[in-house]
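Fold and geometry: a report
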Amino acid sequence: MLSYVLKRMLLILPVALGVSVVCFLLVHLSPGDPLTAILPTDASAETQAEMRKLYGFDQPLPVQFVLWLGRVLTGDLGTSIATGRPVAFEVGRAVVNSVILAAAATLIGFFFGSLFGFVAGYFRNSWIDKLASFLAVIGVSVPHYWLGMVLVIIFSVQLNLLPATGGGPNGSSDARSLDWDYLRFLILPAVTMSVIPMGIIARTLRALVAEILSQEFVQGLTAKGLLDRGVFAHVVKNAAPTAFAVMGLQLGYLLGGSILIETVFAWPGTGFLLNTAIFQRDLPLLQGTILVLAMFFVVLNLVVDVAQAAVDPRVKRS
Amino acid sequence: MVTRRLWKSLATGILLLGSTALASAGGTLRVGMTASDIPLTTGQTDNGGEGMRFLGYTAYDSLIEWDLTTSDKPSTIIPGLATSWTVDATDKTKWTFKLRPGVKFHDGSEFNADTVVWNFEKLLNKDAAQFDPRQSAQGRSRIPAVASYKAIDPLTVEIVTKTPDATLPYQLAWIMMSSPANWEKQGKNWDNYAKSPSGTGPWKIVSFVPREKAEMVPNADYWDKTRVPKLDKLVVIPLPEPSARVAALRSGQVDWIEAPAPDTVPSLKSAGFKIVTNAYPHNWTWHLSRVEGSPWNDIRVRKAANLAVDREGMKELLSGLMIPAEGFMPPGHQWFGKPTFKLKYDPEAAKKLLAEAGYSPAKPLETKILISPSGSGQMLPLPMNEFVQQNLAEVGIKVSFEVVEWNTLINIWRAGAKHESSKGATGMNYTYFIQDPFTGFMRHLQCNLAPPAGTNWGYYCDPAMDKLFDEVRTTFDPAAQQKTLEKIHEKYVDEALFLMVTHDVNARAMSAKVKGFVQAQNWFQNFSSITMD
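Because the structure is a prediction, the values reported are computed rather than measured. (Residues numbered from 1 in each chain as written. Chains lettered and ligands numbered in written order. Predicted model: local features only at pLDDT ≥ 70, side-chain atom pairs only at ≥ 80, totals over all residues. Heavy atoms only, no water.)

1. Here we look at the overall build of chain B
Note the threshold: Here a strand is any run of E in DSSP of at least two residues, a helix any run of H or I of at least four, and the numbering for each starts at the N terminus. As a reference, a globule follows 2.2 Å times the number of residues to the power 0.38, and the radius of gyration itself is taken over C-alpha atoms. Here's how the labels work: a residue is buried when its accessible area is under 20% of the maximum for its type, exposed when over 50%, partly exposed in between, all with a 1.4 Å probe on protein chains only. Any pair of residues with heavy atoms lying within 4.5 Å of one another is described as a contacting pair. The Shrake-Rupley method, run with a 1.4 Å probe sphere, supplies the accessible areas, and residue values consider only the shown protein chains as cover.
For chain B, the helix and strand inventory stands at 17 helices and 21 strands. Rg of the C-alpha trace for chain B: 25 Å, near the compact-globule value of 24 Å for 533 residues, within the 12% margin. A principal-axis box enclosing the C-alpha atoms of chain B has dimensions of 80 × 80 × 40 Å. In chain B, buried positions account for 60% of the 533 residues. Restricting the contact set of chain B to residue pairs at least 6 apart, pairs at least 24 apart contribute 69%. Accessible surface, chain B as shown: approximately 20,000 Å² in total, 56% of it carbon and sulfur.

Written out as structure tokens, the structure is:
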């Protein structure tokens, strides 16, 4: 087992190098000038050249890459050009906010997704099934940003119940508690984000429940005289592992943050940060954020692989 | 039973929500900015005009300031931390500034001639301990005239310019004075200074969360008693996404937003929000190339284009949020003068001029213009440019667009019309900050400011115009200088040097609770007179 884990960890190195090369090139080859964000538009050529030198943009690209990689290896992601703050600080704050949003969205999505899925599967082809399936299809196909705006119009503008934008009453960083003043900022973005996992979980579970219901042991349970409620409990138990697996996958997907949702709600997560960094051509921030997110997925994959190997020894051999 | 309890708690929750919304109003003004981050808080801000508006002139002062107290006439420069200034009678490069006595920074330290010198060093002297590259990037290109500076006595500073330059006072209005004592206290570190800043301005920055909000409270000891803020607190929140800004205003999360999109204005008005607008020194133009081979070298073509644009029609397109151009400066501006060429909508006259130049709708002039899909100050560039395109096509100018992203357009603007990045375009849709003689006139058309030396994108060069620019720099009598500036503007209009289309009106939307705001005809504003109901 240990050797398997070590082998998998060694494999991360080339992947990480590849990721860093790609994200460095993507960012540097796109048109635009990172200094535009910090210089007045009519700054003299001399000032521009000096700032270029100060930030190291006067060096050839390969040299810039090696210098950047060297700093990254020592844990220094550099400094944001637009804000002057360390990239690690900016990304760290944003990641925490994105994780909170993703976790909340997954919980909401899992709850309603399972509810719709079980009910639809259990009452297959009834009107309840049709309604639940309809909601699930909407969940998978409705555009996020549109739903976000509609929810804002209803709950913030018309009913004035929930805040339209932002990460908390005093900014996100000094409100990590579970109090209502803070939570109310989370509700609309989390609900908007939850519709996709909700739809996917519901559709998966509906099919699964229908399949379980057609199995012989269910007939056996009924023949044994078990009431519907008891049978349902058995079905739930059989479907639960798949439901959790799907939820785990969705959580991983949502952790990357959503540029659209975070921008619509000005939620200070990684998606919002990326959007800003792209428009400002804040190259160090862009590189840092992409790299952190990419590494996040690499590590997540490793954890999943190792966990699977621990459960199922066949994985190790393949 | 359970459901009843649930309803009860829900109802209490809703009531609580309502009460928190009420409690947060009071004497606090919350502003939604278009910037995506809190502008730099160390003194010389970033994020352009908006940065200076909300975190520059609020917390800091400059030696010379803009008069922001009236809305009915263009603002002029007035004494700030300097009470008076004179230029030496024999040596026109030598200026003496008398400083305001008794002014204190928010940290309690004293403002004097040494602090002024220290602040110039902060921007201009790379070897000074307090040199700050971030502030320098913002500030030094604003004071190109300054050659040296020294303290004569605690309340007198001498500034020497590179060449005689009467526009120095305008340049100095950009330069914010940070506190040397606070910099020492913060471990001689500008990053720490940014977290607990100190200036001499009417507002003190008391806290900020990067990218989320900054809070300011009044400086009760401010030296100008008429500008001690009446509010308890001013909060600025970055909301770069236009629809998020409107939603925040409509849901009562902020009381004021900058730049509401024109299509949201009717619904904001009907929901009881105030839309405040005023003229200010901004223009929306096509900057024309004067490189050899450009069709715009023919004055008949330039005039025809200016006569072909239906500016009133465009105003309807923008829900009224624009001022049709009558010149390069907004109508009524103190430098407007009396140009003889009137920018009216007269397609017939335009066709006649074009016919003289050898073009007609059947045999149109074909050319390419650079535009951007969005950008700071660009208003609604796509529909507006298409509108102009259609107007021009009707008289016989067939324009095709080269659309590039805003950041790229800025770089092309710096590179010039001859540069390959301009892709042979003969014009560029660019909007201008035109608040002082340099940004208003000189940088666009002075011969030696053609790229890469400056931003005369179109390589215009006319010795007669250069002579007028020199005259502005060497005329130290304000009234005489004003006359020359009028002459320059008349030349801009009479020779149709730009395609002059419109001026933005600096629209902001605010809740009816906001009282006492006077929108100055300026990029900067005064927040001291505001109260909240």
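2. Considerations on the state of the cysteines
Throughout this description, disulfide means a covalent bond between two cysteine sulfur atoms. Residue and element names in this part refer to chain B. Using the following cut-off: Note on terminology: pairs of cysteine sulfur atoms within 2.5 Å are recorded as disulfides.
Under the criterion given, the structure shown has one disulfide over all chains. Sulfur-sulfur distance for the disulfide between C447 and C461 comes to 2.0 Å. Given an S-S torsion of about 100°, the disulfide between C447 and C461 has right-handed geometry. Within this pair, whereas C447 is found in the loop between α15 (437-445) and α16 (463-474), its partner C461 is found in the loop between α15 and α16, the two being separated by 14 residues in sequence.

3. A word on the nonpolar core
Defined as follows: In plain words, nonpolar cores are sets of buried Ala, Val, Leu, Ile, Met, Phe, Trp, Tyr and Cys residues tied together by side-chain atoms within 4.5 Å.
One finds B:L63 and B:W256 to be the most contacted residues of the largest nonpolar core, which totals 133 residues. Among the elements that take part in this core, helix α3 (residues 113-124) of chain B stands out by supplying six residues, more than any other. Not counting residues within four places of it along the chain, the set of residues in contact with B:L63 comprises B:P79, B:G80, B:L81, B:A82, B:L99, B:F111, B:V116, B:L172, B:I175 and B:M177. Ranked by size, the runner-up nonpolar core spans 29 residues in total, among them A:C23, A:F24, A:M51 and A:L273.

4. Some details on the confidence of the model for chain B
Residue and element names in this part refer to chain B. The following threshold applies: The quantity called pLDDT is the predictor's confidence in a given residue, expressed from 0 to 100.
Taken over all residues, the pLDDT of chain B has a mean of 91, while the share at 70 or more is 95%. In this model residues 8-26 is a low-confidence stretch, pLDDT under 50, and it forms eight contacts with partners more than four residues away in sequence or in other chains. In the model output, the complex is listed with pTM 0.83 alongside ipTM 0.78.

5. Focus: helix α13 (residues 381-395) of chain B
Residue and element names in this part refer to chain B. This is how it is decided: Multiplying 1.5 Å by the residue count of a helix minus one yields the expected span of that helix. Read the arc as the range of directions from the helix axis to the C-beta atoms.
Taking 1.5 Å of rise per residue, 15 residues should cover 21 Å, and α13 covers 22 Å from first to last C-alpha, within 8% of that figure. Among the residues of α13, those classed as buried are P381, M384, N385, F387, V388, N391, L392 and V395. Summarising the axial view, the buried residues of α13 lie within an arc of 155°, below the 170-degree limit, and thus occupy one face. Within two residues after α13, G396 carries a phi angle of roughly 115°, on the positive side.

6. Describing the UniProt feature "transmembrane region" (unreviewed entry) in chain A
Residue and element names in this part refer to chain A. Quick note on the threshold: UniProt positions are given in the numbering used here, feature names are shortened, and annotations may be inferred rather than shown by experiment.
Mapped onto this structure's residue numbering, the UniProt feature "transmembrane region" (unreviewed entry) falls at residues 9-29, 99-123, 135-162, 182-202, 251-270 and 290-311. Spanning residues 9-29, this segment combines 100% helix with 0% strand, and its end C-alpha atoms are found 30 Å apart. Between the first and last C-alpha atoms of residues 135-162 the distance is 24 Å; the span itself is 79% helix and 0% strand.

7. A closer look at the UniProt feature "domain: Solute-binding protein family" (unreviewed entry) in chain B
Per the UniProt record, the feature "domain: Solute-binding protein family" (unreviewed entry) sits at residues 76-416 of chain B. The span residues 76-416 of chain B carries 30% helix and 23% strand; its end-to-end C-alpha distance comes to 32 Å.

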